[in-house]
Amino acid sequence: MGTRVSVELWHDDEVRGRDLVDEVLAEYRRIDARMSTYKSGSEISIINRSATAEPVVASDELFGLIDRALELSRRSDGAFDITYDSVGYLYDFRAGQRPSANEIDARLGAIDYRHVILDADANTIAFADPRVRINLGGIAKGYAIERGAMILEEAGVQYALLNAGGDTRVLGDRRGQPWIVGIRHPRADDQVVTRLPLVDEAISTSGDYERFFEEGGRRYHHIINPTTGAPTEGTLSVTVIGPDATMTDGLSTTLFVLGVDRGIEFIERMPQYEAIVVDAGGKLVYSSGLVTPTD
Ligand code: ADP
Ligand code: MG
């Protein structure tokens, strides 16, 4: 997943506790091996190579996650779109490379979630356009920690914190106190803009600082506006809090693309989810459930 992960848990039996941490890490590796576009043998890479020629049979797991991603695309009118990678793959943030305007133009039409055709009876995936590539980078880390939390819960663990980059899932509290999770300052990685007390919840932050390079005074970062094929502008970070980490991960990316006003409007329609947006000027904007505490 190209990110640092951590698992923290309480267990009465230390050996069992350590084994459970290993089980969670093994689950992350399993998901990464299936869903990473950086691995040429992963299921998603096979689909990217083959689904334009003919429908490809997918595992229930990958089919299910792609289905959830497409649902988020429909709800967000295409702000969240796993076909962003049809252009997105031309960016290399580490090498400071980006596509030219001509290269973007030649492929922009391939960014459209409606090009991904799922057949639930046959469990197949097909692409309607030969230029389509999909990438689950905006949702897979949340899915992985949600799976990790499920493993721990089924093993009877009551208190745990699972983190993968900007995504965190907590089980229970921290033995009587809420877990305190900080939201990173988008321009100072040793500072937080705020801290939140969390119990049994997920929290995901998307930022323009995770993967980027600068050129001519402009920051080129890893969240792509599907309508332009270029990195979005106007937001420094978006944090989403709610019950399910797959959703908070997908939603933080979604709101990042939607921008401050449309993003807050979008999250207000989802009663179980709240958001904190850091706008281009560094100002914090909260959704209404956070402004007015419910308890
Ligand atoms: P991070 O990976 O830093 O935690 P996000 O959860 O916001 O941040 O995911 C960003 C990733 O989402 C990008 O690296 C890319 O793989 C993917 N992505 C970029 N733009 C979009 C988009 N418009 N829709 C869906 N996924 C996207
Ligand atoms: Mg995300």
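The structure presented is a predicted model; accordingly, all values stated were derived computationally and were not measured.

Parameters and conventions
- Residues numbered from 1 in each chain as written.
- Chains lettered and ligands numbered in written order.
- Predicted model: local features only at pLDDT ≥ 70, side-chain atom pairs only at ≥ 80, totals over all residues.
- Heavy atoms only, no water.
- Helix = DSSP H or I, 4+ residues; strand = E, 2+ residues; numbered from the N terminus.
- Rg over C-alpha atoms; globule rule 2.2 N^0.38 Å.
- Buried < 20%, exposed > 50% of the residue type's maximum accessible area, 1.4 Å probe, protein only.
- Contact = heavy atoms within 4.5 Å.
- Lys, Arg positive; Asp, Glu negative; His and termini not counted.
- Charge placed at Lys NZ, Arg CZ, Asp CG, Glu CD.
- Donors = N, O, S within 2.8 Å, 3.2 Å for Na, K, Ca; no water.
- Expected span 1.5 Å × (residues − 1).
- Polar contact = N/O pair within 3.5 Å; in protein donor to acceptor, adjacent residues only side chain to side chain.
- Near = heavy atom within 4 Å.
- Areas by Shrake-Rupley, 256 points an atom, 1.4 Å probe, with all protein chains shown as cover.
- Domains from an automatic or database assignment.
- Buried area = accessible area lost by both parts, 1.4 Å probe.
- Salt bridge = Lys/Arg side-chain N within 4 Å of Asp/Glu carboxyl O.
- Pairing = 2+ DSSP bridges.
- Axes fitted to C-alpha atoms, helices over the stretch in contact; angles between N-to-C directions.
- Phe/Tyr/Trp six-rings, centres within 6.5 Å; stacked < 30°, edge-to-face > 60°.
- Lys NZ or Arg CZ within 6 Å of the ring centre and 35° of its normal.

**Topic: the overall build of the chain**
Next, step 1: Helix and strand counts for the chain stand at 9 helices and 16 strands.
Next, step 2: Taken over the C-alpha trace, the chain has a radius of gyration of 19 Å; the compact-globule value for 295 residues is 19 Å, and the two agree within 12%.
Next, step 3: For the chain, the C-alpha atoms occupy an extent of roughly 55 × 45 × 35 Å along the three principal directions.
Next, step 4: Put simply, the chain has 295 residues, and 53% of those count as buried.
Next, step 5: A separation of at least 24 residues holds for 59% of the contacts in the chain among residues at least 6 apart in sequence.
Next, step 6: For the chain, the distance from the average site of its 31 positive side-chain charges to the average site of its 47 negative ones is 4 Å.

**So, the coordination of the magnesium ion (ligand 2)**
Next, step 1: Donor atoms from the polypeptide that bind the magnesium ion (ligand 2) are Gly 138 (O), Asp 249 (O), Asp 249 (OD) and Thr 253 (OG1), placed at 2.1 to 2.7 Å.
Next, step 2: Of note, the magnesium ion (ligand 2) draws all its donor residues from one chain, in the sequence arrangement G-x110-D-x3-T. Here Gly 138 is found in the loop between β4 (124-127) and α6 (140-154), whereas its partner Thr 253 is found in helix α7 (residues 245-258), with 115 residues between them in sequence. Residue Gly 138 shares its accessibility class with Thr 253, and that shared class is buried.

**Concerning unusual backbone geometry**
Next, step 1: Of note in the backbone geometry, Asp 77 takes a positive phi value of approximately 55 degrees without being a glycine.
Next, step 2: Here Asp 77 shows up in the loop between α3 (60-75) and α4 (85-88).
Next, step 3: Asp 77 gets classed as exposed once you look at its relative accessible area, which sits at 68%.
Next, step 4: Unlike most non-glycine residues, Asp 200 shows phi in positive territory, near 50 degrees.
Next, step 5: By the secondary structure assignment, Asp 200 is in the loop between β8 (188-198) and β9 (202-207).

**Some words on helix α1 (residues 14-35)**
Next, step 1: When the terminal C-alpha atoms of α1 are compared, their 32 Å separation across 22 residues agrees well with the 32 Å that a helix rising 1.5 Å per residue should span.
Next, step 2: Measuring from the side-chain oxygen of the N-cap residue of α1 to the backbone nitrogen of Val 15 gives 3.1 Å; that N-cap residue is Asp 13.

**Details of the site of ligand 1**
Next, step 1: Around ligand 1 sit 19 residues, and of these Tyr 84, Lys 141, Ser 206, Asp 249 and Thr 253 come closest.
Next, step 2: In this structure, an oxygen atom belonging to ligand 1 sits 2.8 Å away from a side-chain N or O atom of Thr 253.
Next, step 3: For ligand 1, the protein covers 97% of the area, taking 570 Å² as the surface of the free molecule.
Next, step 4: Residue contributions to the shell around ligand 1 peak at 3 residues, all from α7.
Next, step 5: If you count residues domain by domain, the shell around ligand 1 takes at least three from each of domain 1 (43-127) and domain 2 (140-286).

**A word on the environment of Ser 73**
Next, step 1: Relative to the elements of secondary structure, Ser 73 occurs in helix α3.
Next, step 2: Taking the relative accessible area as the measure of exposure, Ser 73 reaches 1% and is therefore buried.
Next, step 3: For the pair Ser 73 and Arg 114, spaced 41 residues apart in sequence, the C-alpha to C-alpha distance is 9.0 Å.
Next, step 4: Not counting residues up to four positions away in its chain, the partners in contact with Ser 73 are Gly 78, Phe 80, Asp 81 and Tyr 113.

**Comments concerning the domain arrangement of the chain**
Next, step 1: Taken domain by domain, the chain comprises domain 1 (43-127) and domain 2 (140-286).
Next, step 2: The C-alpha centroid of domain 2 is placed 22 Å from the C-alpha centroid of domain 1.
Next, step 3: Taken together, the contact pairs 21 residues of domain 1 with 27 residues of domain 2.
Next, step 4: Together, the buried faces of domain 1 and domain 2 total about 2,000 Å²; carbon and sulfur atoms form 69% of this surface.
Next, step 5: Along the contact surface separating domain 1 from domain 2 lie 2 salt bridges.
Next, step 6: Between Asp 244 and Arg 68 there is a salt bridge; the shortest N-O distance is 3.2 Å.

**Digging into the sheet that holds strand β3 (residues 116-119)**
Sheets are built from strands paired through backbone hydrogen bonds, the pairs being either parallel or antiparallel.
Next, step 1: Ordered in space as β2-β4-β3, the 3 strands form an open sheet in which the pairing is antiparallel. Edge positions in the open sheet fall to β2 (56-57) and β3, since each of these has one partner strand only.
Next, step 2: Across 2 bridges, the pairing between β2 and β4 is antiparallel. Residue pairing across strands places Val 56 opposite Ile 125, the latter belonging to β4.
Next, step 3: Of the strands in this sheet, β3 and β4 touch α3, which is tilted by about 130 degrees from β3.

**Observations concerning the packing of aromatic side chains**
Next, step 1: Overall, the coordinates contain 5 aromatic pairs when judged by the stated rule.
Next, step 2: A ring pair is formed by Phe 93 and Phe 213, whose centres lie 6.2 Å apart and whose planes are at 45 degrees; its orientation type is tilted. Here the residue Phe 93 occupies a position in the loop between α4 and α5 (101-107), and Phe 213 occupies one in strand β10 (residues 212-215), the gap between them amounting to 120 residues. Grouping residues by exposure puts Phe 93 and Phe 213 together as buried.
Next, step 3: What links up through ring pairs into an aromatic cluster is the set Tyr 91, Phe 93, Phe 213 and Tyr 220.
Next, step 4: The ring of Tyr 89 carries Arg 133 above its face, with NZ or CZ at 4.2 Å from the centroid.
Next, step 5: Note that Arg 219 overlies the ring of Phe 212, its terminal NZ or CZ placed 3.9 Å from the centroid.

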